[in-house]
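# Commentary on secondary and tertiary structure
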Amino acid sequence: MSRLIRFFTKILDICKLVPMLPVVVIAAIPLALLGDWRPWGNAMAIPVLGNPGFGQWLVIALVLVIVIDTVRGMIDDLRHGQVGVDVLAVVAILSTVAVAEYWASWAVTLMITSGEAIEEYAQAKAERSLTALMEAAPQTAHVVNLPGVGRGFAADKGDSSDGFRRVGSASAAAAAHRFDTVPVEQVQLGDVLMVLPGETVPVDGELLSGTATLDLSNINGEPVPREVFAGARVMSGAVNGSTALTMRATQVAADSQYQRILELVASAQESRPAVVKTADRLAVPFTVLSLVIAGVAWAVSGVPTRFAQVLVLATPCPLLIAAPVAYIAGTGRLAAAGVLIKAQDVLENLGRVTQVFFDKTGTLTVKQPQVVRVEMLPGAATRLNEDHVLMMAGAVESYSVHILSKGIAKAGAEALAGLRQRFEDGQRLCPEPEASWPGHGREYPVVKNINEDAGKGVSGEVNGHAVRVGRLSFAAAGEDGFLAVGEAVPSRSEDDLRTRFGLLQPDEMASYVSVDGQLIARIVLRDVPRANAKAALAKLHELGVTKLAMLTGDKRASANIIASEVGIDEVRAELFPEDKVAAVRAATGAGKTVTMMVGDGVNDAPVLAVADIGVAMTDGTSTAASESAQVVIMNDNIAAVPRAIAIARRTKRVMLQAVIAGLVLATIGMIAAAFNLIPVVVGAFLQEAIDVVSILWALTALIDRD
């Protein structure tokens, strides 16, 4: 029963899209029952038409309505620079009326109206991912109106005798309902907003609440909700978690992140790729060919009906509908994969890429250096192991803003989890003095007295122990900031300490760690390739991309190591931004080479602009790179690069298959009709079948076979 209800609901939706469709279907009843009924006798005889019956007059009226509507559409197409080739349908339907083939006339009207319904359905199906993206756009916002923060409750700026700010008399009433719900367009800079559980963040802003959990899947496809803390940037389009949050608007709706995404989607939907424009132009010679075949058939046979027989099979729909439907479907698939394009021409060029340039840091590698190992100082007397070192160093580095701090803090959190698990597994009987240390057995370490010495390191107290992390001279120094010397402390010079640790590789860097004044370890970090970078680049080679090059400002030794790990063919290192631009520009102008540049940073913006296709990798935040690029990867996943190329190639392949198959079938049908092998009524329905096959074939671009 539920399936039957869904079926009729879909039928009703189609009828709403094309109101003439049910009218045409119902018109078949009077045509069948009252087609030759003429209560007026011969009083209404007309030249060319003769004396149609009641049901036949209804069909003629439908034909006039549809012809007028079609001609209006052709004129509108011409105004927008598109070729109006529905002239075939107009001539075909008028020719069937002229030769008194009223059932054929009805069939052609059914064909036109049902074709519109199929087109609307196909467009909706192809745009489903894009439509879902647009429907998720925030519409309203809750503007807090509490005293001191609301728009109408600014404190009195005059001095008061008691030293306190005055607030409006309406503050008690305002506190009762706390916020006003307004359209998102009315949010102003600086407004304090409340986002209730499960609601969409309306505009970009700064988090005022202590913590919040946000679902960013609408923005960057990130499957796991992200926890953010006070002061963090909150992006419009994110969905709030289970608790209400407050934020301050830093952008109005028109300038917020989600609106930028919607602008990209709208731009891609409205654009017409070159291949679709070519299909439009091909429709003109196809129209001429159809008219020639129909004219020759009429002239040779001497039967006017033969003209109508041919034209009812002449359908330009594979060109006019199937081609754009396939490209919209491809755009929708890219959006579902977290890839947004700024125009459908980009989709066509994506499939022709022959050379790809990559930035190194943040594109082929992760965005911050990662910990690869901990080296304990040989000969140092300590009972701490590598996990303890990472935990303590991570605890103090979590308060630092240094470039290496995030990598150490992340490794420290992982080490802490490992220590906690060992504690839970039974390793709880620690000897003294460890058992009496502050923080022993706690879920998190006790951290105090954090102090960062810019450019040198950070120090603090972790579980009662003095911890210093940073440069060797900083970590090995005493509390007075100087290295200890003398016989009691042998081998403490920097050169000797580095010798005891051993040499670092060209792409490695280190932070040194001391605990309670004793240097005990160094934490080695490096730019680590993304986990899927090698597989993504191998996939690009499989897709026929001939050259993969790295453009980086980093040292050549470091660049060569990353290149060998991920499978880069050519390395250009120690480049300034203008050198990158020159390299890509030289390749872009070389023959039939189609270049792509993939980057993520602000310094990548110029080179993204000069490539045939600029691709910005972002986690959903707006950067200069994404502004300059034609393609924006919203989920910060390098695997989206080969996937985008594969989707683009399949989209073009499906489009060509749908167009060629439709035109070949239509041409065969017209030739058969010219030899009187296909009756005019059968031809009208056969033409509809060709349209359906062509459009459904174009919709297979939605199927994920890449």
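Note that the structure is a prediction, hence the values are computed from the model and not measured.

### Re the sheet that holds strand β9 (residues 245-249)
- If you trace the six strands from one edge of the open sheet to the other, you get β2-β1-β3-β9-β4-β7, paired in antiparallel fashion. Both edges of this open sheet fall to β2 (179-183) and β7 (233-234), since each of them pairs with a single strand only.
- Both strand β4 (residues 205-207) and β9 contribute to a ladder of three bridges, which runs antiparallel. Opposite Leu207, over in β9, you have Met247 as the bridge partner.

### Details of helix α2 (residues 20-34)
- Its 15 residues place the ends of α2 21 Å apart at the C-alpha level, agreeing with the 21 Å of an ideal helix rising 1.5 Å per residue.
- Turning to α2, its buried residues number three or more, namely Leu21, Val24, Ala27, Ala28, Pro30 and Leu31.

### A look at the pairing of strand β17 (residues 518-526)
- When you tally the buried positions in β17, you get eight out of nine residues, the bulk of the element.
- Sheet topology note: the strand β12 (residues 370-376)/β17 ladder contains six bridges and is antiparallel. Along β17, the bridge assignment pairs Val371 with Leu525.
- As paired strands, strand β16 (residues 508-515) and β17 are joined by eight bridges and run antiparallel to one another. Among the inter-strand pairings, Glu508 is bridged to a residue of β17, identified as Arg526.
- Between β16 and the antiparallel strand that follows it, β17, lie two residues; Asp516 among them carries a positive phi value of about 55°.

### Considering the pairing of β16
- Counting buried residues along β16, six of its eight residues qualify, which places the element largely inside the surrounding structure.
- Across four bridges, the pairing between strand β15 (residues 465-470) and β16 is antiparallel. Residue pairing for β16: Val467 is matched across the bridge by Val515.

### Here we look at the pattern of salt bridges
- Taken as a whole and assessed by the stated rule, the structure comprises 14 salt bridges.
- Taking the shortest distance from any N to any O, the salt bridge between Glu375 and Arg373 comes out at 2.7 Å.
- Given a relative accessible area of 30%, Arg373 falls into the partly exposed group.
- The shortest N-O distance in the salt bridge between Glu508 and Arg373 comes to 2.8 Å. Linking Glu508 in strand β16 with Arg373 in strand β12, this pair joins segments that are 135 residues apart in sequence.
- Several salt bridges converge on common partners, so that one network encompasses Arg373, Glu375, Glu508 and Arg522.

### Here's the deal with unusual backbone geometry
- At Glu574, a position not held by glycine, the phi torsion is positive, near 55°.
- Summarising the element assignment, Glu574 is placed in the loop between β19 (570-572) and α21 (577-588).
- If you check the backbone angles, Asp636 has positive phi at about 55° while not being a glycine.
- If you trace the backbone, Asp636 turns up in the loop between β22 (631-633) and α24 (640-674).
- Residue classification places Asp636 among the buried residues on the basis of a relative accessible area of 18%.

### Examining the nonpolar core
- Counting residues in hydrophobic clusters, the biggest one holds 105 residues, and the most contacted among them are Trp106, Leu350, Phe358, Leu537, Ile568 and Met596.
- Per element, the largest residue contribution to this core is 16 residues, and it comes from α24.
- Ranked by size, the runner-up nonpolar core spans 25 residues in total, among them Met391, Ala393, Val513 and Ile523.

### A short note on the sheet that holds strand β8 (residues 239-240)
- Taken in spatial order, the three strands line up as β6-β5-β8 in an open sheet, and their pairing is antiparallel. Single-partner strands in this sheet number two, and they are β6 (226-229) and β8.
- Summarising the sheet, strand β5 (residues 211-215) and β6 pair through four bridges and their orientation is antiparallel. In the sheet register, Thr211 faces β6, and the bridge partner there is Phe229.

### Examining the environment of Ile613
- Inspection of the secondary structure puts Ile613 in strand β21 (residues 613-617).
- The buried category is assigned to Ile613, whose relative accessible area is 1%.
- When residues no more than four places from it in sequence are discounted, the contact partners of Ile613 are Val346, Asn349, Leu350, Val353, Thr595, Met596, Met597, Gln630 and Val631.

### Points about a nonpolar patch on the surface
- A grouping of Ile26, Ile29, Leu33, Leu34, Trp37, Phe54 and Leu58 is seen on the molecular surface, where their side chains present a nonpolar patch of about 670 Å² in accessible area.
- For the nonpolar patch, the secondary structure elements donating two or more residues are α2 and α3 (54-79).
- When residues of the nonpolar patch are assigned to their parent elements, the largest contribution, four residues, is made by α2.
- Here Phe54 shows up in helix α3.

### Quick word on the packing of aromatic side chains
- In total, this model carries five aromatic pairs according to the counting rule given.
- Plain terms: the ring middles of Trp37 and Phe54 are 5.8 Å apart, the flat faces sit at 65° to each other, and that makes the pair edge-to-face. Here the residue Trp37 occupies a position in the loop between α2 and α3, and Phe54 occupies one in helix α3, the gap between them amounting to 17 residues.
- The lysine or arginine in question, Arg468, covers the ring of Phe474, its NZ or CZ lying 4.1 Å from the ring centre.

### Concerning the packing of helix α4 (residues 87-98) against helix α11 (residues 304-311)
- For the pair α4 and α11, interaxial distance at closest approach is 9 Å and the crossing angle is 145°. Where α4 crosses over α11, the handedness of that crossing is left-handed. Two secondary-structure elements touch here, α4 through Leu88, Val91, Ala92, Ser95 and Thr96 and α11 through Phe307, Ala308 and Leu311.

### Remarks on the packing of helix α19 (residues 533-542) against α24
- The N-to-C vectors of α19 and α24 enclose an angle of 25°; their axes lie 8 Å apart at closest approach. By the angle class used here, α19 and α24 are roughly parallel. The way α19 lies across α24 gives a crossing that is left-handed. Residues Ala536, Lys539 and Leu540 of α19 form the contact with α24, whose participating residues are Val641, Pro642 and Ile645.

### Focus: α21
- Compared with the 16 Å implied by 1.5 Å per residue over twelve residues, the 17 Å span of α21 between its first and last C-alpha is a close match.
- Within the sequence span of α21, burial applies to Lys580, Val581, Ala583, Val584, Ala587 and Thr588. Viewed end-on, α21 has its buried residues packed into an arc of 165°, placing them on one side of the element. Turned more than 90 degrees away from the buried face of α21 sit Glu578, Arg585 and Ala586, all of them exposed.

Each value, and the rule that gives it
Going along each chain's sequence as written, the residues are numbered from 1 onward. Totals for whole chains, interfaces and linings use every residue, but because this is a predicted model, local features are given only for residues with pLDDT of at least 70 and side-chain atom pairs only at 80 or more, for both listing and counting. Based on all heavy atoms of the structure, the side-chain values leave hydrogens and waters out of the count. The pairing criterion is simple: DSSP has to find at least two bridges between the two strands. Each helix is a run of DSSP H or I of at least 4 residues and each strand a run of E of at least 2, with the numbering of both proceeding from the N terminus. In this scheme, a helix's expected span is set at 1.5 Å multiplied by one less than its residue total. Exposure classes here rest on a 1.4 Å probe applied to the protein chains alone. A residue is buried below 20% of its type maximum, exposed above 50%, and partly exposed in between. Salt-bridge detection follows one rule: a side-chain nitrogen of Lys or Arg within 4 Å of a carboxyl oxygen of Asp or Glu. Nonpolar cores are built from buried Ala, Val, Leu, Ile, Met, Phe, Trp, Tyr and Cys residues. Side-chain atoms within 4.5 Å join them into one set. Here, residues are in contact when the closest pair of their heavy atoms is within 4.5 Å. Nonpolar side chains (Val, Leu, Ile, Met, Phe, Trp, Tyr) within 5 Å and like charges within 9 Å form the patches, drawn only from residues with over 30% relative accessible area and no salt bridge. Only the protein chains shown count as cover for residues, and the accessible areas themselves come from Shrake-Rupley with a 1.4 Å probe. Geometry of aromatic contacts follows a simple scheme: Phe, Tyr and Trp rings, the Trp one being its six-membered ring, pair when their centres are within 6.5 Å, and the pair is stacked under 30 degrees between planes, edge-to-face over 60, tilted otherwise. When the NZ atom of lysine or the CZ atom of arginine is within 6 Å of a ring's centre and also within 35 degrees of its normal, the charge is said to sit over that ring. Note on geometry: axes are C-alpha line fits, over the in-contact stretch for helices, and angles between N-to-C directions span 0 to 180 degrees. Here is the rule for handedness: rotate from the far helix to the near one, and if that takes an anticlockwise turn smaller than a right angle the crossing is left-handed, while a clockwise turn gives right-handed. Geometric relationships in this document are graded by angle, where less than 35 degrees denotes roughly parallel, more than 145 denotes roughly antiparallel, 65 to 115 denotes roughly perpendicular, and other angles denote oblique. Note that the arc is computed from the directions linking the helix axis to the C-beta atoms.

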